[in-house]
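The residues making up each chain are set out below.
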Amino acid sequence: MARNKHPEETINLILDVASRLFLEKGYEHTSIQDIIDHLGGLSKGAIYHHFKSKEDILVAVTERMTEESNRMILNIRDRKNISGKEKLQSIFKESLNRPVQDDIFTVAPHLGANPRLLFSMLGETISEVAPNYIRPILEQGMADGTIKVDYPLETAELIMLLANFWMNPMVFDDSVEKVRNKTLLFRQVMKSLGLDIVDEELTDRMVELTAVYQKHR
């Protein structure tokens, strides 16, 4: 039955099953064979026709889970009724508070042990997110007087590298306490740049997500 589906439906079936298994068992403890066993007769060859590896499946699952986040960031970036600084605050708050973040931190692998996936995420951050999402917001803040930085592109890269990688427990497998300390330091660094965009509520949320990740390691 699965073999007769259109390619898009087959891909969605694989991702649906993989998402459920990653949530139930964790990424590290889910094998390609586990996914095959729940696909109703779809062969291993059919899976590898669409995905080269389990990491590729995880990338696709994550992309599907974060589609809403990407739309949210775009909507905030293009809003006309708030300042640049308020946009940065909104991005951090809404990104961390999305319910899907709990799912992401539940299924996520230790990125330090997945260099291919980590490098892909790093490249996307530097080539796509920083210049196309964060820099325009910084430049708006410079124009409206709510942000004062000298190098908007480099500042955008710094913000995203610290937030998405240095503070990310999936990269360094940090403890809850370590992530709290990093988040507090990140808050100080942002303040020193005139970007008071991280509050105690966001610090607590980052700690909460770290606890979710460590629970499912």
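Refer to the structure presented above.
Note that the structure is predicted; figures quoted are calculated from it, not measured.

Caption draft 1: Quick look at the packing of aromatic side chains. Per the stated rule, a full pass over the model turns up two aromatic pairs. Plain terms: the ring middles of F22 and Y27 are 5.3 Å apart, the flat faces sit at 65 degrees to each other, and that makes the pair edge-to-face. Each of the two residues, F22 as well as Y27, counts as buried. Their ring planes at 40 degrees and their centres at 5.9 Å tell us that F92 and F186 sit as a pair that is tilted. With F92 in helix α6 (residues 84-97) and F186 in helix α11 (residues 176-192), this pair connects stretches of sequence that are 94 residues apart. For the cation-ring pair, K54 lies above Y27, with the distance from its terminal atom to the ring centre recorded as 4.3 Å. The ring of Y133 has R77 lying over it, and the distance from NZ or CZ to the ring centre is 5.8 Å.

Caption draft 2: Local environment of the pattern of salt bridges. Enumeration according to the criterion identifies seven salt bridges in this entry. A salt bridge links R205 to D102; its shortest N-O distance comes to 2.9 Å. Residue R205 is located in helix α12 (residues 200-215), and its partner D102 is located in helix α7 (residues 100-107); the two are separated by 103 residues in the primary sequence. By relative accessible area, which is 23% here, D102 ends up partly exposed. D174 is the salt-bridge partner of K182, the closest N and O atoms lying 2.7 Å from each other. What makes K182 buried here is its relative accessible area of 7%. For D174, a relative accessible area of 8% corresponds to the buried category. Each member of the salt-bridge network shares a partner with another, and the members are D102, R205 and E208.

Definitions and limits used
- Residues numbered from 1 in each chain as written.
- Predicted model: local features only at pLDDT ≥ 70, side-chain atom pairs only at ≥ 80, totals over all residues.
- Heavy atoms only, no water.
- Phe/Tyr/Trp six-rings, centres within 6.5 Å; stacked < 30°, edge-to-face > 60°.
- Buried < 20%, exposed > 50% of the residue type's maximum accessible area, 1.4 Å probe, protein only.
- Helix = DSSP H or I, 4+ residues; strand = E, 2+ residues; numbered from the N terminus.
- Lys NZ or Arg CZ within 6 Å of the ring centre and 35° of its normal.
- Salt bridge = Lys/Arg side-chain N within 4 Å of Asp/Glu carboxyl O.

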